[in-house]
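Coordinates in review
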Amino acid sequence: MRAISLNKNYQFQRLYRKKAVGVSPVLVTYAAKNRLGIHRVGITTTKKIGKAHQRNRARRIIREAWRLTEHRVQPGYDFVFVARGRTTLCSMQEVHRAMQKHLAPYFIKP
RNA sequence: CGAGUAAGCUGAACAACGGCGGGCGCAGUGCCGCAAGGCCGCGUCUGAGGAAAGUCCGGGCUUCAUAGGGCAGGAUAGCUGCUAACGGCAGCCGAAGGCGACUUUAGGGAAAGUGCAACAGAGAUAUACCGCCGGCCUUAGGCCGGUAAGGGUGGAAAGGCGAGGUAAGAGCUCACCGGCACGGCGGCGACGCCGUGGCCCUGCAAACCCUAUCUGAAGCAACACCUCAUAAGGGGGCAUUAUGCGGCUGCCCGCCGCGUCCCCGGGUUGGUGGCAGGAGCGCAACUGGCAACAGGGCGCCAAGAUAGAUCGUUGUUCUCGACAGAACCCGGCUUACAGGCUUAGUCGCAUU
RNA sequence: GGAGAAGUACUCAAGUUGGUGACGAGGCGCCCCUGCUAAGGGCGUAGGUCGGGUAACCGGCGCGAGGGUUCGAGUCCCUCCUUCUCCG
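As a starting point, this report considers the structure included with it. (Residues numbered from 1 in each chain as written. Chains lettered and ligands numbered in written order. Predicted model: local features only at pLDDT ≥ 70, side-chain atom pairs only at ≥ 80, totals over all residues. Heavy atoms only, no water.)

Side note on helix α3 (residues 92–103)
Compared with the 16 Å implied by 1.5 Å per residue over 12 residues, the 16 Å span of α3 between its first and last C-alpha is a close match. Among the residues of α3, V95, H96, A98, M99, H102 and L103 are the ones counted as buried. Around the axis of α3, the buried residues are gathered within 165° of arc, so they sit on the same side. When the buried face of α3 is taken as reference, the exposed residues oriented beyond 90 degrees from it are R97 and K101. Looking at the buried positions of α3, the neighbouring elements they touch are β2 (22–24), β3 (27–33), α2 (52–69) and β5 (77–83). (Helix = DSSP H or I, 4+ residues; strand = E, 2+ residues; numbered from the N terminus. Expected span 1.5 Å × (residues − 1). Buried < 20%, exposed > 50% of the residue type's maximum accessible area, 1.4 Å probe, protein only. Arc of directions from axis to C-beta. Contact = heavy atoms within 4.5 Å.)

Below you can see the structure in the form of structure tokens.
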């Protein structure tokens, strides 16, 4: 299934006000419950990371990691992933591992 | 073989599985909707660059009056051509550099006018400090006059250099060179060559300026349409129907509209078009032209997103992969860039 | 995506018909005042880098970076870099 993406600034601000649920050198994750019963995901790549090419690279890596993780996460939450400087240099597996760690409390219980 | 010059091309490839944007088709008639239609599924085609970048120029397109008049402002600056246009490109001219192939060049006007040239120096657009020469007074020396050859200062000192000439000197005279003016010849032209003349004219216009040419402004967050709205209310300033205010435009004219501006308050920040068949791309042994380019022929349609699509894993190969991501579209310029390839000249050495 | 503005020492900053040696303030160092500190007062360094000198000191380069015009650029022109602001 396709995830609805967050695009409005106030939607991002709602998550930024909370504490990050996971922090690592390659990824920062924010999470909040919504009442829609579906996933909504936003990706932030700031200008600090680099030019357009580096930011596109970081977005693709994060999006691929989310694609492999999505089926294990309980629906009904908003997530925001923030790329950091090292995200453009590392491999997808590193980001994938960091994301699994950050989202472990939200996994579907067996 | 070595060194060096110029121009151009390219910008890792392949396979499997999974994933993403767009177009087209099919299907269940599964879900939503009154409907148009949308979502889900399958198949198929297609999917970033030479700079997509910087936003430095030019144009298309759109709105503002139908884009109008004048001033101010801005831009360009050898000539001829090319182009939709340009500050771009091509060829040529002049100047500078290089043994050479070749490269670089904002390169109009300083006798239209104004301004600036600090410090140093006697003097900076006009000059006599030292010196040289002559005359007078005459002890050293002083005074008057002539002189720009020599010294010194400076980025720049009154064309350069040699000879004649002179009291000493000086384009004062002469030869050559340089600059200027006039005439002739060649060239579409910039300009070049030749002849004659006299020697009054420093530099800076990327200082003001003059001359010639061009120039209305804003920009796809433009703009058009649909929907919801921009409300109601409160406070304050200006104005009292135009000699006012707002818009087109920095100012004046002209035109259009009419109460207007600020704060509080509360609300909206959705959708569709614009949007990709265009000054389009590719090919060649076509025609004209030195070339830029123009004309014709054949073939092709090739991203169109809207938080923004090209990726992940595995395997193989090589030269081990740089700079880097379309956002309305084109033509240039500039800047960044691992490597690889091609073509055409030049110089040196060796051999024939 | 588009339209603009700025950059001068550690910080805030002045610098116009282009002219010597780049004002100033905070800061910093030393001294005085105090039992000690803060505040206050006085003096000083100007800061960086390269070269020379035992030292005092002298010279060159430096105004975001690189070129150009000029005898001479913080200033004028061109190209880049960085930061900030605005855009129903």
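After presenting the structure, the write-up continues.
A closer look at the environment of T29
Assignment of secondary structure puts T29 in strand β3. Here the alpha-carbon distance between T29 and F79, two residues 50 residues apart in the chain, equals 7.0 Å. If near-sequence neighbours (up to four positions away) are discounted, T29 is found in contact with A20, V21, G22, V80, F81, H102 and L103. Side chain to side chain, T29 and H102 meet in a polar contact 2.8 Å long. (Polar contact = N/O pair within 3.5 Å; in protein donor to acceptor, adjacent residues only side chain to side chain.)

Remarks on the side chain of T44
With respect to the element layout, T44 can be found in strand β4 (residues 40–44). The residues contacting T44, other than those within four sequence positions of it, are F12, Y16, V80, F81, V82 and A83.

Looking at the nonpolar core
Soluble globular proteins tend to bury their nonpolar side chains together. One finds W66, F79, F81, V95, M99 and L103 to be the most contacted residues of the largest nonpolar core, which totals 22 residues. Mapped by element, the contributors of at least two residues to this core are β3, α2, β5 and α3. Of the residues forming this core, the biggest block, five residues, is contributed by α2. Beyond its immediate stretch of four places on either side in the chain, M99 contacts L27, I62, A65, W66, T69 and F81. Residues F12, Y30, A32 and V82 belong to the second largest nonpolar core, which totals seven residues. (Core = buried A, V, L, I, M, F, W, Y, C linked by side-chain atoms within 4.5 Å.)

Keep in mind that these numbers describe shape and distance, not what the molecule does.
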